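# Survey of secondary and tertiary structure
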Amino acid sequence: IVLGFLTYLWHLALNEPFDILKGAATFSPWTLIALAALAVGAVMAMVAAERAARSRGLAVKIATTLTLLVGCVVFGFPFLWLLLTSVKEERDFSMTEGIQWIPLVQEQHRFVDPERPLAEAPYRGRTVRARIEERLPDGRLLMEVERPFGLLGRRFEVEPNQIREIPRDAPVIATEHQGQTVQGFVRRELDSGARRMEILRPESLKGTVIEVKPGDDVPVRNPGIRWQNYTEVLEYLPEDVNFGLRYLQNTMVLVILSMIGTIFSCSFVAYGFSRLKFPGRDTLFMVMLATMMLPGAVTMLPSFLIFRNLGWIDTLLPVWVPTFFAGAFNVFLINQFFKTIPMELEDAAKIDGCSYIRTFWQVMLPLIKPALAAISIWTFMGAWNNFMGPLIYISSPENMPLAYAVQLFNSERGGSFGLMMAFGVMASLPVLALFFIAQRWFIEGVQLSGLGGR
């Protein structure tokens, strides 16, 4: 805070514009020298404070706190940029004067257009916004869909009593008229490129309709958030995915089944390697660990051929079924946990009449909760972000998970940065929620600490 305040004072002293938050973050050489000098002075001040008898250790705490704050800013900036970009208009990404940090939203005006009436009408079991094209001889209306965008241009017929006329949203622009600046909304885009505008401000000219030549108008924009990016993303998705809910459903199926398969198969196999004694146990364990050295590209083609012969192509089965056959790394991690559990607990269970399965379920599994929590979180994130598996085995949009859907959306609407970032935010929110909810178990699992919660 002190460094930023001193930098601002330096700008005032040099009469330089302080426009970092408005446009490009440019600095003159003198400004960079000033920042470096201030940073050196701050370090020297902390060293002097450390040497003082009364404040011994205080400088270290200050430096540690500042380092953590800087780390939070550095690592949190990409996510902040993602959030800001997801609520911006497309014109903010093509500005030549620099970065538009504060989102601006085009002002809209709602009006009823008698020349192009807009109405809400039922179409294939859903309500759409459509333009009334003409009235047919039998009394029915011919409609052309305008929203959602995934159905744009489709025509259908409907009874007049099934529609409800609604106003349009028109952009508000500003231009020069009769020697003064006027603001109004666009009633019609003309074929010549000009715009027919109805004046809203000033009050003395309100209602006047004029034509504005191309390039003579500027949009009226105010600070705000464009939440419409999120709804438009869902409208651009294919009709058969139910506004993206089908993608979410497929992803949840993969996540849940992958977590169940990984936890139970890996813990069961690890329990066998750590507690059961059978010929060749150590050799088999080493062979299993050696499979970790095989690149995924080596097993990709054989796996595809197997699943094709089973008739599983274009289904979710090839993505989650292999998780029920235990992964080498997870087995190794759980095996190391099992080895730290005293044998006396298992012997006591045997004396009480427990079988191997009951001992495994009621005694051993509760003692390795940190490992199971860590594996569960890693499996969740891996299944949620899995892209290569669906790319290889799935081709139908209705069977795709979110990770693959994001890539398809990028290939179709990648030029719309606001929509792309909005889709990315929606796809990453569940993972962020999981991290904040389960971070305690995640840290316990990573530290690999304790028995029975100790």
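Note that the structure is a prediction, hence the values are computed from the model and not measured. (Residues numbered from 1 in each chain as written. Predicted model: local features only at pLDDT ≥ 70, side-chain atom pairs only at ≥ 80, totals over all residues. Heavy atoms only, no water.)

On to the overall build of the protein chain. If you tally the helices and strands in the protein chain, you get 15 helices and 13 strands. The burial tally for the protein chain puts 35% of its 454 residues in the buried class. At a minimum sequence separation of 6, the contacts of the protein chain that also span at least 24 residues come to 60%. Summed over all atoms, the accessible surface of the protein chain reaches about 26,900 Å², with 64% contributed by carbon and sulfur. (Helix = DSSP H or I, 4+ residues; strand = E, 2+ residues; numbered from the N terminus. Buried < 20%, exposed > 50% of the residue type's maximum accessible area, 1.4 Å probe, protein only. Contact = heavy atoms within 4.5 Å. Areas by Shrake-Rupley, 256 points an atom, 1.4 Å probe, with all protein chains shown as cover.)

Another aspect to go through is empty space enclosed by the protein. Evaluated as defined, the whole model comprises 1 cavity of 30 Å³ or more. Volume-wise, the largest cavity comes out at about 30 Å³. As for the largest cavity, its lining consists of Val112, Asp113, Arg116, Pro117, Leu118, Glu165, Ile166 and Arg168. The class makeup of the residues in the lining of the largest cavity is 4 nonpolar, no polar and 4 charged. (1 Å grid on protein atoms, 1.4 Å probe; cavity = no way out; pocket = protein on both sides within 12 Å on 5 of 7 lines; lining within 4 Å. Points joined across faces, edges and corners; volume = space filled by probe spheres on them. Nonpolar A, V, L, I, M, F, W, Y, C, P; charged D, E, K, R; others polar.)

A general trend in soluble globular proteins is that nonpolar side chains are found buried together. Formed by 32 residues in total, the largest nonpolar core has its most connected members in Val233, Leu237, Tyr247, Trp384, Phe409 and Phe423. Of all the secondary structure elements, the ones that give two or more residues to this core are α4 (228–236), α5 (245–275), α8 (317–320), α12 (369–384), α14 (402–413) and α15 (417–447). Residues Ile263, Met288, Leu289 and Val331 belong to the second largest nonpolar core, which totals 23 residues. (Core = buried A, V, L, I, M, F, W, Y, C linked by side-chain atoms within 4.5 Å.)

Once that is clear, we can look at the pattern of salt bridges. All chains considered together, the criterion is met by 23 salt bridges. Residue Glu115 is joined to Arg188 by a salt bridge in which the shortest nitrogen-to-oxygen separation is 2.4 Å. Of this pair, Glu115 sits in the loop between β2 (108–111) and β3 (118–123) while Arg188 sits in strand β9 (residues 180–189), and the two are 73 residues apart along the sequence. A salt bridge links Glu189 to Arg195, with the shortest nitrogen-to-oxygen separation between them at 3.0 Å. Take Glu189: its relative accessible area is 44%, and that puts it in the partly exposed class. Residue classification places Arg195 among the partly exposed residues on the basis of a relative accessible area of 21%. (Salt bridge = Lys/Arg side-chain N within 4 Å of Asp/Glu carboxyl O.)

Now for a nonpolar patch on the surface. Taken together, the side chains of Leu245, Leu248, Met252, Ile256, Ile260, Phe264, Phe324, Phe325 and Trp361 define a hydrophobic patch exposed on the protein surface, amounting to about 880 Å² of accessible area. With 6 residues, the top contributor of residues to the nonpolar patch is α5. Along the chain, Trp361 falls in helix α11 (residues 356–364). (Patch = residues over 30% accessible without salt bridge, like charges linked within 9 Å, V, L, I, M, F, W, Y side chains within 5 Å.)

So, on to helix α7 (residues 296–309). With 14 residues, α7 ought to run about 20 Å at 1.5 Å a step, and its terminal C-alpha atoms sit 20 Å apart, in line with that. Backbone geometry just after α7 places Gly311 at a positive phi near 75 degrees. (Expected span 1.5 Å × (residues − 1).)

Further remarks concern the sheet that holds strand β4 (residues 126–135). Here we have 5 strands laid out as an open sheet, ordered β6-β5-β4-β3-β7, and antiparallel in their pairing. In this open sheet, the two edge strands, each paired with only one partner strand, are β6 (155–158) and β7 (164–166). This sheet shows a mean twist of 50 degrees between the axes of neighbouring strands, independent of strand direction. As judged from the 4 bridges shared by strand β5 (residues 141–147) and β6, these two strands associate in the antiparallel manner. (Pairing = 2+ DSSP bridges. Axes fitted to C-alpha atoms, helices over the stretch in contact; angles between N-to-C directions.)

This paragraph deals with the packing of α5 against α12. Pairs of packed helices are described in terms of their axes, by the angle between the two and the distance that separates them. The N-to-C vectors of α5 and α12 enclose an angle of 145 degrees; their axes lie 9 Å apart at closest approach. Crossing geometry of α5 relative to α12 is assigned as right-handed. Within the contact between the two elements, α5 uses Leu248, Thr251, Met252, Leu254, Val255, Ser258, Met259, Thr262, Ile263 and Ser267 and α12 uses Leu372, Ile375, Ser376, Thr379, Phe380, Ala383 and Trp384. (Left-handed = near helix turned anticlockwise from the far one by under 90°.)

This paragraph deals with the packing of aromatic side chains. Tallied over the entire structure, the rule returns 19 aromatic pairs. When the centroid spacing of 5.7 Å and the interplanar angle of 15 degrees are considered together, the rings of Phe307 and Trp312 count as stacked. Relative accessible area serves as the criterion here: at 11%, Phe307 is assigned to the buried category. Members of the aromatic cluster, joined through ring pairs, are Phe268, Tyr271, Phe338 and Phe360. Sitting above the plane of the Phe285 ring, Lys339 keeps its charged end 6.0 Å from the centroid. (Phe/Tyr/Trp six-rings, centres within 6.5 Å; stacked < 30°, edge-to-face > 60°. Lys NZ or Arg CZ within 6 Å of the ring centre and 35° of its normal.)

This paragraph deals with unusual backbone geometry. For the peptide bond that leads from Arg147 to Pro148, omega is 0 degrees, which places it in the cis range. Tracing the backbone shows Pro148 in the loop between β5 and β6. Omega for the peptide link from Arg201 to Pro202 comes to 10 degrees, which places this bond in the cis form. Secondary-structure assignment places Pro202 in the loop between β10 (195–201) and β11 (209–212). You will see that Arg124, though not glycine, has its phi angle at about 55 degrees, which is positive. Of note, Arg124 is situated in the loop between β3 and β4. Judged by its relative accessible area of 59%, Arg124 falls in the exposed class. Although it is not a glycine, Asp314 sits at a positive phi angle of roughly 65 degrees.

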